[in-house]
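# Architecture and fold: a report
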Amino acid sequence: MQNITQQVNSQLSNLKLSGIRDALQQQYEQPNLYVEQSFEERLSLLLDVEITQRDQRKIDRLTRQAKFRVGGTLSQLNYGAERQLDKTQIRSLAQGEWLRLHQNILITGATGCGKTYLACALGQNHCQQGNSVYYFRLKELLEKMFLAQADGSYRKLINKLSSASLLILDDWGLEPLTAQQRSDLLELIDARYDTKSTLIASQLPIENWYEMIGESTHADAILDRLVHGAIKLELKGESMRKKLNTLTDGDHSS
């Protein structure tokens with residue numbers, strides 16, 4: 001029996017069925033728990049473990065790939081009245097219908113009010129649902145696109161970014177765009193338009209984005225693709241970082 005077990009384990013490992021291998025080992029070690037179950041029932045249990053492990057590995061891979069700036073989760077959101085964050089709306093967004101409809105989300109608010117946390121929490125939630133997500137600060141992404149132009153990998157980068165279910169662009173509007181940046185950004189936004197969703201987090205009000213982009217033709221094209229039909233979330237309230245520092249200082253002084 002031991003030789004047969006080793007052979008089966010080796011075969012399962014070669015087939016990359018580690019979930020079934022581990023669950024089968026448990027059945028060998030605790031035979032009394034499964035003695036009354038049929039072959040089909042025991043096989044179903046093995047397959048359930050394999051599916052669960054594969055799903056978790058996919059979620060882990062998608063989360064690492066996204067490179068979120070913070071480890072935000074929707075369950076930890078602050079719904080204080082001053083923030084004007086609608087719990088019902090967030091619960092609806094968590095279900096992902098906006099992704100299926102290829103809608104965009106535009107999150108605005110003052111520095112430190114939690115825009116990045118909310119963006120990453122939504123991204124993390126959609127990784128959990130098996131969706132591909134990429135997170136970038138806008139300046140970082142534009143620098144990456146500039147370097148890709150120089151080394152010949154630009155088209156590959158555009159294809160990669162345009163295929164993600166959700167692209168998160170944080171710190172949007174901190175600096176005016178150059179002509180090359182406007183061109184690169186338009187190409188990316190256009191490649192995703194009406195087929196994928198983009199989430200933007202910005203301390204700059206939406207009405208000021210036109211001036212930030214700069215040249216009218218590019219600004220019209222970019223904003224038409226981003227803003228039309230988008231879900232807008234404007235966060236209010238005192239800076240979360242400032243509030244946290246105040247609490248920390250208070251703890252030290254007590």
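Scope of this entry: the structure provided in the associated data block. From a predicted model like this one, the values you see are computed outputs, not experimental measurements.

### A short note on a nonpolar patch on the surface
A cluster of nonpolar side chains, Phe39, Leu43, Leu47 and Ile51, forms an exposed patch at the surface whose accessible area comes to about 390 Å². The topology assignment puts Leu43 in helix α3 (residues 39–66).

### A short note on the pairing of strand β2 (residues 133–137)
By the criterion of burial, β2 is predominantly enclosed, with 4 of the 5 residues buried. Bridge analysis of β2 against strand β3 (residues 166–170) gives 5 bridges, and the strand direction is parallel. When the bridges of β3 are listed, Val133 appears paired with Leu166.

### Concerning helix α9 (residues 179–192)
Helical geometry note: an α-helix holds 3.6 residues per turn, so side chains three or four residues apart project in the same direction. In this model α9 runs 20 Å from its N-terminal to its C-terminal C-alpha over 14 residues, within 8% of the 20 Å that 1.5 Å per residue would give. Here α9 has its buried residues at Arg182, Asp184, Leu185, Leu186, Leu188, Ile189 and Arg192. Elements that come into contact with the buried residues of α9 comprise α7 (138–151), α8 (154–163), β3, β4 (197–202), α10 (209–213) and α11 (216–227). One or two positions beyond α9, positive phi appears at Asp194, with a value near 65°.

### A few points about the packing of aromatic side chains
All told, the structure shown has 1 aromatic pair when counted by the stated rule. Both rings, one in Trp172 and one in Trp209, keep their centres 5.4 Å apart while their planes meet at 50°; by these two values the pair is tilted. Of the two residues, Trp172 sits in the loop between β3 and α9 while Trp209 sits in helix α10, which places them 37 residues apart along the sequence. The exposure class of Trp172 is buried, given its relative accessible area of 0%. Accessibility expressed as a relative area gives 0% for Trp209, which makes it buried. Above the face of the Tyr193 ring, Arg225 is positioned so that its terminal group lies 5.7 Å from the ring centre.

### Here's the deal with the pattern of salt bridges
Using the criterion set out here, one finds 11 salt bridges in the structure. Across the salt bridge formed by Glu50 and Arg54, the nearest N and O atoms sit 2.7 Å from each other. Of this pair, Glu50 and Arg54 both sit in helix α3, 4 residues apart, which is roughly one turn of that helix. Judged by relative accessible area, Arg54 falls into the partly exposed class, the value being 41%. A salt bridge links Arg225 to Asp190; the shortest N-O distance between them is 2.8 Å. Of this pair, Arg225 sits in helix α11 while Asp190 sits in helix α9, placing them 35 residues apart in sequence. Residue class for Asp190 comes out partly exposed when judged on its relative accessible area of 39%.

### Focus: a positive patch on the surface
Together, Lys67, Lys144, Lys156 and Lys160 make up a region of like positive charge exposed at the surface. As for its position among the elements, Lys144 is in helix α7. According to the relative accessible area criterion, Lys144 is partly exposed, its value standing at 37%.

Scoring rules and cut-offs
- Residues numbered from 1 in each chain as written.
- Predicted model: local features only at pLDDT ≥ 70, side-chain atom pairs only at ≥ 80, totals over all residues.
- Heavy atoms only, no water.
- Patch = residues over 30% accessible without salt bridge, like charges linked within 9 Å, V, L, I, M, F, W, Y side chains within 5 Å.
- Areas by Shrake-Rupley, 256 points an atom, 1.4 Å probe, with all protein chains shown as cover.
- Salt bridge = Lys/Arg side-chain N within 4 Å of Asp/Glu carboxyl O.
- Helix = DSSP H or I, 4+ residues; strand = E, 2+ residues; numbered from the N terminus.
- Buried < 20%, exposed > 50% of the residue type's maximum accessible area, 1.4 Å probe, protein only.
- Pairing = 2+ DSSP bridges.
- Expected span 1.5 Å × (residues − 1).
- Contact = heavy atoms within 4.5 Å.
- Phe/Tyr/Trp six-rings, centres within 6.5 Å; stacked < 30°, edge-to-face > 60°.
- Lys NZ or Arg CZ within 6 Å of the ring centre and 35° of its normal.
- Lys, Arg positive; Asp, Glu negative; His and termini not counted.
- Charge placed at Lys NZ, Arg CZ, Asp CG, Glu CD.

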